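For reference, the chains in residue letters:
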Amino acid sequence: FGLFPCLKASLHIGNVVRAEIGDVKTQIVLHGDAMNTTARILEKSHESNNELLCSVHLIYRLELPKIFKSNSIGVVSLKGKEKEIELFSIEEEEVVTI
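Structural notes, computed from the coordinates. Quick caveat, the model's predicted, so the values are computed rather than measured. (Residues numbered from 1 in each chain as written. Predicted model: local features only at pLDDT ≥ 70, side-chain atom pairs only at ≥ 80, totals over all residues. Heavy atoms only, no water.)

So, on to the overall build of the protein. Scanning the protein from terminus to terminus reveals two helices and six strands. Tracing the protein from N to C terminus, the helices and strands come up as β-β-β-α-β-α-β-β. A compact globule built from 98 residues should have a C-alpha radius of gyration of about 13 Å, whereas the protein, at 16 Å, is more than 25% larger. Counting the 98 residues in the protein, one finds 21% classified as buried. Counting contacts in the protein only where the partners sit at least 6 residues apart, residues at least 24 apart contribute 56% of the total. Summed over all atoms, the accessible surface of the protein reaches about 7900 Å², with 54% contributed by carbon and sulfur. A distance of 4 Å separates the average location of the 11 positive side-chain charges in the protein from that of its 14 negative side-chain charges. (Helix = DSSP H or I, 4+ residues; strand = E, 2+ residues; numbered from the N terminus. Rg over C-alpha atoms; globule rule 2.2 N^0.38 Å. Buried < 20%, exposed > 50% of the residue type's maximum accessible area, 1.4 Å probe, protein only. Contact = heavy atoms within 4.5 Å. Areas by Shrake-Rupley, 256 points an atom, 1.4 Å probe, with all protein chains shown as cover. Lys, Arg positive; Asp, Glu negative; His and termini not counted. Charge placed at Lys NZ, Arg CZ, Asp CG, Glu CD.)

Written as structure tokens, this is what we have:
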């Protein structure tokens, strides 16, 4: 059909509470500030037209493979959060073969 899916994602780090709810049809749910912050970062990815955004708290703990680069998009305020947070976009490096 000449179409391919475009995905958006966000990454953050923090504590999460996992729960299993339901008797007949059980579901695994995740709760916590880290989940909320990740959802707010995902909203920013839609606004900023970036496919993958990562929080400053996680970017300094990651060792990205050499095929990826991270660029700061600045310090932003997230909906429902008191503190501002710096966000980074993660993109593939352009590979040049000689």
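Looking now at the packing of aromatic side chains. On inspection of all chains with the given rule, the structure shows one aromatic pair. Centre to centre, the rings of tyrosine 60 and phenylalanine 88 are 6.0 Å apart; their planes meet at 70°, and the pair counts as edge-to-face. With tyrosine 60 in the loop between helix H2 (56–59) and strand E5 (68–76) and phenylalanine 88 in strand E6 (residues 85–92), this residue pair connects regions lying 28 residues apart in the sequence. A residue is classified by how much of its surface remains accessible, and tyrosine 60, at 63% relative accessible area, is exposed. Exposure remark for phenylalanine 88: the relative accessible area of 8% places this residue in the buried category. (Phe/Tyr/Trp six-rings, centres within 6.5 Å; stacked < 30°, edge-to-face > 60°.)

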